[in-house]
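A look at the structure
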Amino acid sequence: MKFYRQLAVFLIASGLIVGVTSGLPKPPIYSPTPTQASPITYAIPAQIQPIVQDLGIDPAFLSQAEVIVGDTSLCGPSDLKDEAACSVSSTPFKIIIPESTIQLPYYQHNALFAHEYLHYVWDTMSVADQNALLPYIDEVYKANATYLNERLSGYTLTDAQRSNELHSYIGTELPDSYLPAPLLAHYQHYLPNRTALPSWN
């Protein structure tokens with residue numbers, strides 16, 4: 001019996017009876033699928049949560065940004081003095097709100113936070129989506145140039161930065177009746193409760 005086992009091993013090793021094994025189905029080869037890392041989420045500070053709720057902002061969307069209650073010097077050098085809020089386009093996107101801003105009257109702190117939040121919205125948009133809004137932003141700018149130029153007067157801006165700032169100012173300081181329907185729909189999506197903004201009153 002031992003002889004036949006040795007012979008079988010010899011024949012398989014020599015390839016003389018390779019057909020015995022080659023006809024069998026091969027076991028599936030499992031290659032591990034790379035798992036996509038879950039995005040890091042950030043807790044919204046307790047002091048900011050009432051503002052987020054008042055504006056109707058989706059906390060899940062905002063949780064991809066880091067909201068910090070702190071001094072605006074954390075944003076680095078600025079064209080503006082005594083900033084009431086600021087943001088930094090980084091990874092993650094940062095929104096900085098001083099405690100003194102939170103203590104401002106209802107409509108003021110809502111508008112200041114919403115302004116920086118809309119910078120975050122702009123930062124997350126694709127270039128194609130930004131470009132789709134630019135004709136409407138330009139239309140509103142031309143109709144309200146005096147006011148908006150005054151709001152931008154303290155900045156030194158590239159064209160791209162100017163569009164970003166206009167997107168935030170128009171979305172928080174001009175009445176909804178001034179906005180073309182596609183632009184208003186955009187703002188209503190990200191700031192559903194627009195009655196919490198001073199432009200409503």
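Notes on the structure in this doc start here.

The rules behind each value
Residues numbered from 1 in each chain as written. Predicted model: local features only at pLDDT ≥ 70, side-chain atom pairs only at ≥ 80, totals over all residues. Heavy atoms only, no water. Helix = DSSP H or I, 4+ residues; strand = E, 2+ residues; numbered from the N terminus. Buried < 20%, exposed > 50% of the residue type's maximum accessible area, 1.4 Å probe, protein only. Contact = heavy atoms within 4.5 Å. Areas by Shrake-Rupley, 256 points an atom, 1.4 Å probe, with all protein chains shown as cover. Axes fitted to C-alpha atoms, helices over the stretch in contact; angles between N-to-C directions. Parallel < 35°, antiparallel > 145°, perpendicular 65-115°, else oblique. Left-handed = near helix turned anticlockwise from the far one by under 90°. Nonpolar A, V, L, I, M, F, W, Y, C, P; charged D, E, K, R; others polar. Pairing = 2+ DSSP bridges. Core = buried A, V, L, I, M, F, W, Y, C linked by side-chain atoms within 4.5 Å. Salt bridge = Lys/Arg side-chain N within 4 Å of Asp/Glu carboxyl O.

So, on to the overall build of the protein chain. Along its length, the protein chain carries 10 helices and three strands. When each of the 201 residues of the protein chain is scored for burial, the buried share is 35%. Counting contacts in the protein chain only where the partners sit at least 6 residues apart, residues at least 24 apart contribute 63% of the total. Of the accessible surface of the protein chain, which amounts to about 12,200 Å², a share of 58% is contributed by carbon and sulfur atoms.

Their axes nearest at 10 Å, the elements helix 7 (residues 127-143) and helix 9 (residues 159-173) cross at an angle of 70°. When the interaxial angle is binned, helix 7 and helix 9 end up roughly perpendicular. Along this stretch, helix 7 crosses helix 9, giving a crossing that reads as left-handed. Here L134, I137, V140 and Y141 of helix 7 lie close against helix 9, whose contacting residues are R162, S163, L166, H167 and I170. Looking at the contact of helix 7 with helix 9, its residues break down into six nonpolar, two polar and one charged.

On to the pairing of strand 3 (residues 94-97), then. As defined by bridge partners, strand 1 (residues 66-69) adjoins strand 3 across four bridges and the pair is classed as parallel. Paired with E66 across the two strands is K94, which belongs to strand 3. Where strand 2 (residues 86-88) meets strand 3, three bridges bridge the pair, whose relative direction is antiparallel. Residue pairing for strand 3: C86 is matched across the bridge by I96. In this antiparallel pair of consecutive strands, strand 2 and strand 3, the connection spans five residues.

Here the focus is the nonpolar core. Formed by 41 residues in total, the largest nonpolar core has its most connected members in L55, L62, I95, F113, Y117 and I170. For this core, the secondary-structure elements that each account for two or more residues are helix 3 (49-55), strand 3, helix 6 (106-124), helix 7, helix 8 (145-152), helix 9 and helix 10 (181-190). Here this core takes seven residues from helix 6, the largest share from any one element. Look past the residues within four positions of Y117 in its chain and what remains in contact with it is I57, F61, L62, I95, Y190 and L191.

Under the criterion given, the structure shown has four salt bridges. Note that E66 is salt-bridged to K94, the shortest N-O span being 3.8 Å. Taken together, the positions of E66 in strand 1 and K94 in strand 3 put the pair 28 residues apart, joining distant regions of the chain. A salt bridge links D176 to R194, with the nearest nitrogen and oxygen atoms 2.7 Å apart. Within this pair, whereas D176 is found in the loop between helix 9 and helix 10, its partner R194 is found in the segment after helix 10, the two being separated by 18 residues in sequence. Side by side, D176 and R194 carry an identical accessibility label, which is buried.

With that settled, the discussion passes to the sheet that holds strand 1. Strand order in the open sheet made by the three strands is 1-3-2, with mixed pairing throughout. Strand pairing shows two members of the sheet lacking a second neighbour, strand 1 and strand 2, which therefore form its edges. The average undirected angle you get between the axes of adjacent strands in this sheet is 20°. In this fold helix 6 packs onto strand 1, strand 2 and strand 3, with an angle of close to 170° to the strand it touches most, strand 3.

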